[in-house]
Amino acid sequence: MAQVSDHGGGVRSIKVPIPDNPLGHTLVYVVGTDRGPVLIDTGWDDPASWDTLTEGLTACGTSAAEIHGVVITHHHPDHHGLSGRVREVSGAWIAMHAADTAVVRRTREARPERWFSYMTAKLMAAGAPEAHVAPLRTPRPRALPGLSPALPDREIVPGELVDLPGRRLRAIWTPGHTPGHVCLHLEEEHPARLPGHGRLFSGDHLLPRISPHIGLYEDPDDTTVTDPLGDYLDSLERVGRLGPAEVLPAHQHAFTDAPSRVRELLTHHEERLTGLLTLLDTPLTPWQLAERMEWNRPWEHIPHGSRNIAVSEAEAHVRRLVKLGRAEAVPGSDPVTYMAV
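Residues numbered from 1 in each chain as written. Predicted model: local features only at pLDDT ≥ 70, side-chain atom pairs only at ≥ 80, totals over all residues. Heavy atoms only, no water.

(A) Inspection of the overall build of the protein at higher detail. Tallying secondary structure elements over the protein gives 10 helices and 13 strands in all. Computed over the C-alpha atoms, the radius of gyration of the protein is 20 Å, within 12% of the 20 Å expected from 2.2 N^0.38 for a compact globule of 341 residues. Based on the C-alpha atoms only, the size of the protein along its principal axes is roughly 60 × 45 × 35 Å. Residue burial in the protein is summarised as follows: out of 341 residues, 50% are buried. For the protein, the proportion of contacts with a sequence separation of at least 24, taken over those separated by at least 6, is 65%. In the form shown here, the protein has an accessible surface area of approximately 15,500 Å², with 51% of it arising from carbon and sulfur atoms. (Helix = DSSP H or I, 4+ residues; strand = E, 2+ residues; numbered from the N terminus. Rg over C-alpha atoms; globule rule 2.2 N^0.38 Å. Buried < 20%, exposed > 50% of the residue type's maximum accessible area, 1.4 Å probe, protein only. Contact = heavy atoms within 4.5 Å. Areas by Shrake-Rupley, 256 points an atom, 1.4 Å probe, with all protein chains shown as cover.)

Now the structure itself:
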């Protein structure tokens, strides 16, 4: 049975399950417009998820066939997974920021083996042991989700209104979790007249009790040294200054007082960076650093795929420290090690 919540003012949400994932579900928002309902995100591409989405749309008084458009906060499969199926049954347009559309295009065009070889090389460069890398040398492509995501046909342009007839939904570029992540500011009075400036569909950028994953922007053909954590922290401050009356995130639940939550996340990352500097009093590879960082469970209990994510997050934090002049790579180290300055 689909769980549907009415947030007032023509906005509802559907809890669409994510199979075998501790997050549990994605909140897919259904926004009424003068041309029909528009979805913000769609959920994971899975038969049970699709059934829940369609049941939820029926409970909202509509159907997948009536969807006018799909606005995607970012390309991850728990957000963009069902977009293609929605478009197939409705003819809806799909909108995404250009940076994430580029990721989708690369994913569609690259053979799965290309991604596995790229990840193998990245993990080896980060100091991963052979026992961890070995399974990637004989990959099973079907184990990876989202290898053929729908190609968006509209671009979300930061600062501009998204084409939702009868609504004012402005795009705010908030890179960090992905290079093209966007939050969407509904510039309308809150239906319960809560103090603040409208409502914010925050995707994964701002969640009530979770700090979103900040890893590396993976592009096998781009050697640019990015700073995803720096991007995220800058984006957080922009959202904090916006001061929405209510935040409607893609996971967990709606909440108020966005500036307070922004401050908590800024403090969390500063404390984490400070803790990493303590660890880097001796040279460590990104893998060794990840082993020593604090996660939601002991390192030995973290499964293979999640370790890849953890190493990516460790490296994103190290890159931030290097950019701030607080750490540096040890010359000649292979795999590369870092030390505090």
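Having seen it, we continue.
(B) Quick look at the sheet that holds strand β10 (residues 199–203). An order of β8-β9-β10-β11 is seen for the 4 strands of this open sheet, with the pairing classed as mixed. Across the chains shown, the open sheet's two edge strands, defined by having one partner strand only, are β8 (169–173) and β11 (246–249). Across this sheet, the average inter-strand angle for adjacent strands is 25°, counted without regard to direction. Here 5 bridges tie β8 to strand β9 (residues 182–186), and the two strands are oriented antiparallel to one another. In the strand pairing of β9, I172 is matched with C183. Its contacts with the sheet place helix α7 (residues 228–242) against β8, β9 and β10, and it is angled at close to 150° to β8. (Pairing = 2+ DSSP bridges. Axes fitted to C-alpha atoms, helices over the stretch in contact; angles between N-to-C directions.)

(C) Broad picture of the nonpolar core. Ranked by size, the top nonpolar core spans 39 residues in total, and within it L206, Y232, L236, L280, L289, W299 and L321 carry the most contacts. Of all the secondary-structure elements, those providing two or more residues to this core are α5 (112–125), α6 (130–137), α7, α8 (258–279), α9 (286–292) and α10 (304–323). When residues of this core are assigned to their parent elements, the largest contribution, 6 residues, is made by α8. Apart from the residues within four sequence positions on either side, L321 is in contact with L273, L276, L277, L280, R326 and A327. Judged by nonpolar contacts, the second largest core, of 20 residues, contains V30, L39, V70 and I94. (Core = buried A, V, L, I, M, F, W, Y, C linked by side-chain atoms within 4.5 Å.)

(D) Structural context of the side chain of T285. Position of T285 relative to the elements: it lies in the loop between α8 and α9. Residue classification places T285 among the buried residues on the basis of a relative accessible area of 6%. Not counting chain neighbours up to four residues away, the residues in contact with T285 comprise A126, G127, P335, V336 and T337.

(E) Expanded view of unusual backbone geometry. Between D334 and P335 the backbone carries a cis peptide bond, its omega angle lying at 0°. With respect to the helices and strands, P335 occurs in the loop between β12 (327–329) and β13 (338–340). Positioned with a positive phi, Q252 is a non-glycine residue whose angle comes to about 75°. Mapping Q252 onto the fold places it in the loop between β11 and α8. Accessibility expressed as a relative area gives 18% for Q252, which makes it buried. Its identity is not glycine, yet D257 carries a phi of approximately 60°, on the positive side. Within the secondary structure, D257 is located in the loop between β11 and α8.

(F) Quick peek at the packing of aromatic side chains. With the rule as written, the count across this model stands at 2 aromatic pairs. On the basis of an interplanar angle of 65° and a centroid distance of 5.2 Å, the ring pair of Y29 and F201 is categorised as edge-to-face. Here the residue Y29 occupies a position in strand β3 (residues 25–31), and F201 occupies one in strand β10, the gap between them amounting to 172 residues. Of the two residues, Y29 and F201, neither departs from the other in class, the shared state being buried. Summarising the aromatic geometry, the rings of W287 and W299 are spaced 5.4 Å apart at their centres and angled 90° between planes, so their arrangement reads as edge-to-face. Of this pair, W287 sits in helix α9 while W299 is found in the loop between α9 and α10, placing the two residues 12 residues apart along the sequence. Of the residues examined, W287 reaches a relative accessible area of 4% and is grouped as buried. When its relative accessible area of 11% is taken as the criterion, W299 is described as buried. Above the face of the W295 ring, R272 is positioned so that its terminal group lies 4.6 Å from the ring centre. (Phe/Tyr/Trp six-rings, centres within 6.5 Å; stacked < 30°, edge-to-face > 60°. Lys NZ or Arg CZ within 6 Å of the ring centre and 35° of its normal.)

(G) Spotlight on α5. Over its 14 residues, α5 extends 20 Å from the first C-alpha to the last, a length consistent with the 20 Å expected when each residue adds 1.5 Å. Regarding α5, the residues found buried are W115, F116, Y118, T120 and L123. Turning to α5, the residues buried within the fold contact α4 (98–109), α6 and α10. One or two residues past the end of α5 sits G127, with phi positive at roughly 95°. (Expected span 1.5 Å × (residues − 1).)

(H) Local environment of the pattern of salt bridges. Scanning the entire structure with this criterion turns up 14 salt bridges. A salt bridge links R87 to D153; its shortest N-O distance comes to 2.5 Å. Of this pair, R87 sits in helix α3 (residues 83–90) while D153 is found in the loop between α6 and β7 (154–156), placing the two residues 66 residues apart along the sequence. A salt bridge links D227 to K323; its shortest N-O distance comes to 3.8 Å. Of this pair, D227 sits in the loop between β10 and α7 while K323 sits in helix α10, and the two are 96 residues apart along the sequence. The buried category is assigned to D227, whose relative accessible area is 9%. Residues joined by salt bridges that share partners form a network here, namely R168, R170 and E187. (Salt bridge = Lys/Arg side-chain N within 4 Å of Asp/Glu carboxyl O.)

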